[in-house]
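Analysis of the macromolecular model
One letter stands for each residue in the lines below.
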Amino acid sequence: MMEFTAIFEQVPEGYIAFVEELPGTNTQGATLEEARNNLREAIELVLEANRALAEESIRGHTVLKERFTTTA
């Protein structure tokens, strides 16, 4: 399980949302609940894209890959 800081700003059309720790993870929704759900999906998409970019950048290299956790 990962924990992020979500920011929700109310605008006339509903809410805009982004995650402080993941640049590029932003979305919107007509309601706060819709914005939350859309943000969960945006996080998944950004993490998936970042993993794909990382895999491409290490292809053909000798690397050590391991799970890493931190409390920061």
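In the block above lies the structure referred to throughout.
Below is a summary of the structure that appears in this document. (Residues numbered from 1 in each chain as written. Predicted model: local features only at pLDDT ≥ 70, side-chain atom pairs only at ≥ 80, totals over all residues. Heavy atoms only, no water.)

Our focus in this paragraph is the pairing of strand E2 (residues 14-19). Direction of pairing for strand E1 (residues 6-11) relative to E2: antiparallel, over a ladder of 6 bridges. Among the inter-strand pairings, Val11 is bridged to a residue of E2, identified as Gly14. Between E1 and E2, which pair antiparallel in sequence order, lie 2 residues. Summarising the sheet, E2 and strand E3 (residues 26-29) pair through 4 bridges and their orientation is antiparallel. Within the sheet, the bridge partner assigned to Ile16 lies in E3 and is Gln28. Where E2 hands over to E3, the hairpin turn is made up of 6 residues, of which Gly24 adopts a positive phi near 90°. (Pairing = 2+ DSSP bridges. Helix = DSSP H or I, 4+ residues; strand = E, 2+ residues; numbered from the N terminus.)

Moving on, we come to the sheet that holds E3. Pairing within the open sheet is antiparallel, and its 3 strands lie in the order E1-E2-E3. For this open sheet the edge positions go to E1 and E3, each flanked by a neighbour on one side alone. The mean inter-strand angle of the sheet, taken between neighbouring strand axes irrespective of direction, is 20°. Against the sheet, helix H1 (residues 32-58) touches E1, E2 and E3, its axis set at about 155° to E3. (Axes fitted to C-alpha atoms, helices over the stretch in contact; angles between N-to-C directions. Contact = heavy atoms within 4.5 Å.)

To continue, consider the packing of aromatic side chains. With the rule as written, the count across this model stands at 0 aromatic pairs. Stacked on the ring of Phe8, the Lys or Arg Arg36 has its end atom at 5.6 Å from the ring centre. (Phe/Tyr/Trp six-rings, centres within 6.5 Å; stacked < 30°, edge-to-face > 60°. Lys NZ or Arg CZ within 6 Å of the ring centre and 35° of its normal.)

Quick look at the nonpolar core now. Listed in full, the 8 residues of the largest apolar core are Tyr15, Ala17, Val19, Leu22, Ala35, Leu39, Ile43 and Leu47. Looking at this core, the elements that each hand over two or more residues are E2 and H1. Broken down by element, the residue count for this core peaks at 4 residues, all from H1. In this structure, Tyr15 is in contact with Phe8, Glu9, Gln10, Thr27, Gln28, Gly29, Thr31, Leu32 and Ala35, ignoring residues within four places of it in sequence. (Core = buried A, V, L, I, M, F, W, Y, C linked by side-chain atoms within 4.5 Å. Buried < 20%, exposed > 50% of the residue type's maximum accessible area, 1.4 Å probe, protein only.)

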